[in-house]
Amino acid sequence: KYKQPYTVKEKIHEMERYAKTNNIPIIEVESIKFIMKYIKLNNVKSVLEIGSAIGYSAILMANASPDVEITTIEKDEKRYREAVKNINKCGLDKRVDVVYNDALEVNLAGHSYDLIFIDAAKAQYQKFFEKFKINLNENGIIVCDNLNFHNLNINEVSRGTRQLLKKIERFKEFLENNDEFATTIYNVGDGISVSKR
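The numbers attached to residues start from 1 for each chain and follow its sequence in the written order. Since the coordinates come from a predicted model, pLDDT governs what is reported: local features require at least 70, and pairs of side-chain atoms require 80 or more to be given and counted, while whole-chain, interface and lining totals use all residues. Only heavy atoms go into the side-chain values, all of them from the structure, while hydrogens and water stay out.

A. How the structure looks around the packing of aromatic side chains. Geometry of aromatic contacts follows a simple scheme: Phe, Tyr and Trp rings, the Trp one being its six-membered ring, pair when their centres are within 6.5 Å, and the pair is stacked under 30 degrees between planes, edge-to-face over 60, tilted otherwise. Here the structure, examined in full by the defined rule, presents seven aromatic pairs. Here the aromatic rings of F34 and Y186 are separated by 5.0 Å at their centres, their planes lie at 50°, and the arrangement is tilted. With F34 in helix 2 (residues 29-41) and Y186 in strand 6 (residues 182-186), the pair connects residues that are 152 residues apart, well separated along the chain. Judged by its relative accessible area of 24%, F34 falls in the partly exposed class. Taking 6.2 Å as the distance between ring centres and 65° as the angle between the ring planes, the aromatic pair formed by F129 and F171 counts as edge-to-face. Comment: elements are numbered from the N terminus, with helices defined as DSSP H or I runs of at least four residues and strands as E runs of at least two. Exposure is judged per residue with a 1.4 Å probe applied to protein chains only, and the accessible area is read against the type maximum: over 50% gives exposed, under 20% gives buried, and values in between give partly exposed.

Encoded structure:
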């Protein structure tokens, strides 16, 4: 029997349920709405995403504008396969390119983007920022997610989480003291930074 193609909305709800059941961190709704609005209002044509997970944010960003093209990088093979499958089901494979690799090893020489979205290993944020800033278009922005890290109290968490919270704090200091970029941190979702050259 012929099966109706997925609506993106159905796929998104299915992915939200899947992420919740399988404990896969996906971007908070408020945060992705914020980014989608920025894409629409600023006529963003190209996005680089570090950390695809299951493709949730890439699909939503692609839906923000019919003109936007996205390159998203994922190093976990299982997640990479899921992202590809989900993006294909939404018919977005022409506009969303999923790269299976460690972002720190990817060479994007000659490519530039209007928006770079970092949502991968928190401990590596500064490395990602430093590496990919050369791929940013003149008026582009770098967006980083999870800077509030669920508002956890550093004195009430495990040692591993404490280390991570300290790294996030150091990254915020790096942004604040960066002469090359002006950064605003928005209290949206789990905390989002927007950095502009």
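B. Quick look at the sheet that holds strand 3 (residues 96-100). One requirement defines pairing of two strands: DSSP has to find at least two bridges between them. Spatial ordering of the open sheet is given by 3-2-1-4-5-7-6, a layout of seven strands whose pairing is mixed. A single partner strand is all that each edge strand has here, and the edge strands are strand 3 and strand 6. Neighbour-to-neighbour, the strand axes of this sheet turn through a mean angle of 15°, independent of strand direction. Examined bridge by bridge, strand 1 (residues 46-50) and strand 4 (residues 113-118) share four bridges and lie parallel to one another. Looking at strand 4, one finds that L48 is bridged to I116. On top of the sheet, helix 2 reaches strand 1, strand 4, strand 5 (136-144), strand 6 and strand 7 (192-196); it is set at about 25° to strand 7, its chief contact. Here, residues are in contact when the closest pair of their heavy atoms is within 4.5 Å. Axes, fitted as lines to C-alpha atoms, cover a helix only where it is in contact. Angles between the N-to-C directions of the axes lie from 0 to 180 degrees. The sheet strands contacting helix 4 (residues 77-89) are strand 2 (69-74) and strand 3, and the helix crosses strand 3 at an angle near 165°.

C. Structural detail: the pattern of salt bridges. One speaks of a salt bridge when a side-chain nitrogen belonging to Lys or Arg is within 4 Å of a carboxyl oxygen belonging to Asp or Glu. By the definition in use, this model includes nine salt bridges. The residue K11 makes a salt bridge to E14 at a minimum N-O spacing of 2.8 Å. Of the two residues, K11 and E14 both sit in helix 1 (residues 8-21), three residues apart, roughly one turn of that helix. A relative accessible area of 2% means that K11 is categorised as buried.

D. Region of interest: a positive patch on the surface. Residues form patches when they are more than 30% accessible in relative terms and have no salt bridge. Like charges link within 9 Å. Nonpolar side chains (Val, Leu, Ile, Met, Phe, Trp, Tyr) link within 5 Å. With residues, only the protein chains shown are counted as cover, and all accessible areas are computed by Shrake-Rupley using a 1.4 Å probe. When charges are counted, Lys and Arg contribute as positive and Asp and Glu as negative, whereas His and the chain ends are disregarded. The location of each charge is read from NZ of Lys, CZ of Arg, CG of Asp or CD of Glu. A cluster of basic residues, K127, K166, K167 and R170, forms a positive patch at the surface. With three residues, helix 6 (residues 159-176) is the single largest residue contributor to the positive patch. Its location among the elements puts K166 in helix 6.

E. Main features of the environment of I26. Assignment of secondary structure puts I26 in the loop between helix 1 and helix 2. Residue I26 is classed as partly exposed on the basis of its relative accessible area of 25%. C-alpha of I26 to C-alpha of N88: the two residues are 62 residues apart in sequence and 19 Å apart in space. If near-sequence neighbours (up to four positions away) are discounted, I26 is found in contact with E16, A19, I54 and Y56.

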